[in-house]
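A structural walkthrough
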2 protein chains.
Amino acid sequence: MSKMTDVQETAGSRGPAAAGSVGIVTPRDFVCDQPFTFKSGQVLPGFTLRYETYGRLNANGDNAILICHALSGDHHCAGRHHPDDRKPGWWDNLIGPGKAVDTDRFYVICSNCLGGCVGSTGPSSINPATGRPYGIDFPFVTIHDMVRAQKMLLDHLGVQTLHTVIGGSMGGMQVLQWGILYPSFVRRMLAMATTAREGAQAIAFNEVGRQAIMQDPAWNRGDYPRDGGPRVGLAIARMMAHITYLSDASMDRKFGRRRKADAANGDAYTFDIQFEVESYLRHQGQSFINRFDANSYLYITRALDQFDLAQAYGSLETAFAPVQAETLVVGFTSDWLFPPDQNRTIALSLLRAGKRASYAELSTDLGHDSFLLESEELYALVRGFLEREHEPVVDFSI
Amino acid sequence: MSKMTDVQETAGSRGPAAAGSVGIVTPRDFVCDQPFTFKSGQVLPGFTLRYETYGRLNANGDNAILICHALSGDHHCAGRHHPDDRKPGWWDNLIGPGKAVDTDRFYVICSNCLGGCVGSTGPSSINPATGRPYGIDFPFVTIHDMVRAQKMLLDHLGVQTLHTVIGGSMGGMQVLQWGILYPSFVRRMLAMATTAREGAQAIAFNEVGRQAIMQDPAWNRGDYPRDGGPRVGLAIARMMAHITYLSDASMDRKFGRRRKADAANGDAYTFDIQFEVESYLRHQGQSFINRFDANSYLYITRALDQFDLAQAYGSLETAFAPVQAETLVVGFTSDWLFPPDQNRTIALSLLRAGKRASYAELSTDLGHDSFLLESEELYALVRGFLEREHEPVVDFSI
């Protein structure tokens, strides 16, 4: 059997002053020293997943909720690492005691994905065979691989069944893959702002981002020092991608054509920053390069490109045939990266496959990132979906 | 008076075998040696506009139609330069004998914009003061400047009044500016897929493109040899921008998730080109760098960013107050760069200012580039607008 160890032990202790928050949390590392064979056939001698948990696993091991993060997310989805952290985890508005994902009731787990760069094994990890980062010698990662690695973590944690697996965007892809790969393990799927098939436009944006990175001389075919690399290319990829996470309307409301306070004059006769939206984007690019690895960006966007359940299984209905979970899919009207139709299609295909599935569409003008933003409507949907009684599993397949 | 010369003399001779086409055309250069003061206050000692004409100016000089091109367009909008040219001018489907813009009836003029790089004076032109290209010493160009330069060309050509000024995208901005700047000269405005105000999302995409160029080490603060320069950055800017000219639906129909015929395998375990859409985009980027100057790209996108008629004149109604032209604005349902609403707003503001204006919205799924593509519906609208009787000018302003 494999040796699987928790490198750090404590997590999820809630301070008294932090009502509604999971408080100070500590990430842990799940280390698997078993060889892991990727869908591509490539093999790693072992891997690490960095993760956080909030709340407590009950005696039956059946109150666990897995949170799957999006492209640029990580395992830190609630609470703070230090009392003076400026921001909490990325889904802190949804997860915590008394919140829609109630950590007084559920045991919540979130891990940095395989191929990532925030503690989990990825291209920036050291290749034991060379003593240097894998770079582009890292195996190609798929959503399927990410889910299989997560399953090993959940087994290690003693989770017997997943009450719910939740995710938006790339996280939503993992949700669907979870229900397909481990049907008897997953009781509910909650997927938001996602797709069962990465379309041509999304592939196109990913490709421009990859080109910006790979054409940066500092990329050096993926071989660069940890604090160096294609920072310019990665910033440009992020600036562009960030536009696709927002909407025309939200950008116009947030920035419009407002000039930076220190802009030289009212008429923008400069190529330097003149508009607030330019300043915002450059900040997004700059902060991203300090927290994200360019090679991970290549690998994870390629995992997105690969994702097409209908192609992988013959049809969406065939893909969903084994699913036992009840599913809620949430789309957002202003999401033009994974538009409402692509979300609706998931629920319809599940219904056609004889499964329990619903589609809810929320009217927002906040674009793709709507799933991350405060929304009482979303919280009510999530709460209702998590709290309703679970029907005994019946196979409705046709 | 200024010396204004045609460097080349012949244009628009139609070969017998080319029915429906203006045939073989020859660009000409309008050279103005008068100082030109830009809106920024900067001055050029003179400038050149390269242009083409099709058809003949009538004795009254009142059958002229001016075509204004978009960001990456030029003066060559109909016919071919050589019999073996693979493609005709960019709006050849609209312009020619018997076509919607009928060169048997109209004298059609199109010039490469000031600041451009296809024969007109721009940052790649030689600065007589240094003997080297202007680079970023070139004055900042605005839509207003482009229109003023075009007016000098039309005066030189003997045009007494513009029957119609037509343009899409940036060309549409010029159309509106024409009607405002030269109200008694412009009898009809036909603007498509455009806006009276560059919004935050459009500025954001322009900014990412500029950053891709300016962060390319080969940009060298705009100082690069004619056959060199930031080719990588310009290609990335173009790849990204090209996505904004299409639509999710059109890209999915055209490319979907089809793999390149020579792709290594069906599972895309590579960062090289795997999907046809990637190959298409890279081709778009590569062909662009062979025909476009990176500094011109910076200047012209900045001109777009600057464009906001309401800001420039206090309100859109005030901006349009002097207009005497009748106006038709055409929006396209799938255009998400300059969406229907932004086009509708132009017509509504003209109506509020007491002008004759109509808005027509065409259902397409081809995105922003819809205005360039074959469409009998569009042709019928254009033909009807050009052929209807012109009312004597009455000032409807309120």
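Residues numbered from 1 in each chain as written. Chains lettered and ligands numbered in written order. Predicted model: local features only at pLDDT ≥ 70, side-chain atom pairs only at ≥ 80, totals over all residues. Heavy atoms only, no water.

The subject of this paragraph is the state of the cysteines. Residue and element names in this part refer to chain A. In total, this model carries zero disulfides over all chains according to the counting rule given. Left without a disulfide partner, Cys32 is nearest to the cysteine sulfur of Cys113, which lies 16 Å away. Its sulfur unpaired, Cys117 is 8.2 Å from the next cysteine sulfur, which belongs to Cys113. (Disulfide = S-S within 2.5 Å.)

A few words on the pairing of strand S12 (residues 162-168) of chain A. Residue and element names in this part refer to chain A. Among the seven residues that make up S12, seven are buried, leaving the element largely enclosed by the rest of the structure. Pairing analysis gives five bridges linking strand S6 (residues 64-68) to S12, with the strands arranged parallel. Bridge pairing in S12 links Leu66 to Val165. Two strands pair when backbone bridges link them, and S12 and strand S13 (residues 188-192) are joined in this way by four bridges, in the parallel orientation. Each residue of the ladder has a partner; that of Gly167, found in S13, is Ala191. (Buried < 20%, exposed > 50% of the residue type's maximum accessible area, 1.4 Å probe, protein only. Helix = DSSP H or I, 4+ residues; strand = E, 2+ residues; numbered from the N terminus. Pairing = 2+ DSSP bridges.)

Let us now look at the domain arrangement of chain A. Residue and element names in this part refer to chain A. Under the domain assignment used here, chain A contains domain 1 (4-199 + 311-387) and domain 2 (203-301). Just the C-alpha atoms count here: the centres of domain 1 and domain 2 sit 26 Å apart. At the interface, 28 residues of domain 1 touch 27 residues of domain 2. Counting each side, the surface lost to burial between domain 1 and domain 2 is near 2,400 Å², with a carbon and sulfur contribution of 57%. By the criterion of area lost to domain 2, the three top residues of domain 1 are Leu71, Ile136 and Trp336, representing 27% of everything that side buries. For the pair domain 1 and domain 2, the interface holds two salt bridges. Two residues, Asp365 and Arg253, come together in a salt bridge whose shortest N-O distance is 2.4 Å. Viewed at the interface, domain 2 and domain 1 are joined by 15 residue pairs in polar contact (both at pLDDT 80 or more). Its residues assigned to classes, the side of domain 1 that touches domain 2 shows 14 nonpolar, nine polar and five charged. (Domains from an automatic or database assignment. Contact = heavy atoms within 4.5 Å. Buried area = accessible area lost by both parts, 1.4 Å probe. Salt bridge = Lys/Arg side-chain N within 4 Å of Asp/Glu carboxyl O. Polar contact = N/O pair within 3.5 Å; in protein donor to acceptor, adjacent residues only side chain to side chain. Nonpolar A, V, L, I, M, F, W, Y, C, P; charged D, E, K, R; others polar.)

The transform that puts chain A on chain B rotates by 180 degrees and translates by 0.0 Å along the axis, for an RMSD of 0.0 Å. Such a combination of rotation and displacement between the chain copies is what one expects of a two-fold axis. Looking at chain A, 100% of its interface residues are interface residues in chain B too, so the copies touch through the same face. (Least-squares fit on C-alpha atoms with pLDDT ≥ 70 in both.)

Okay, the interface of chain A and chain B next. Contacts between the two partners involve 57 residues from chain A, matched on the other side by 57 residues from chain B. Carbon and sulfur atoms supply 61% of the area that chain A and chain B bury against each other, a total of about 5,000 Å² over both sides. By the criterion of area lost to chain B, the three top residues of chain A are Arg257, Tyr269 and Phe271 of chain A, representing 19% of everything that side buries. Linking chain A to chain B there are ten salt bridges. Salt-bridge contacts for Glu278 of chain A lead to Arg302 of chain B; the nearest nitrogen and oxygen are separated by 2.8 Å. The tally of links between chain A and chain B comes to 24 residue pairs in polar contact (both at pLDDT 80 or more). Where the side of chain A that touches chain B is concerned, the elements lending two or more residues are helix H3 (200-214), helix H4 (231-245), helix H5 (248-254), helix H6 (276-289) and helix H7 (294-306) of chain A. With eleven residues, the top contributor of residues to the side of chain A that touches chain B is H3 of chain A. Here the side of chain A that touches chain B is composed, by residue class, of 28 nonpolar, 13 polar and 16 charged.

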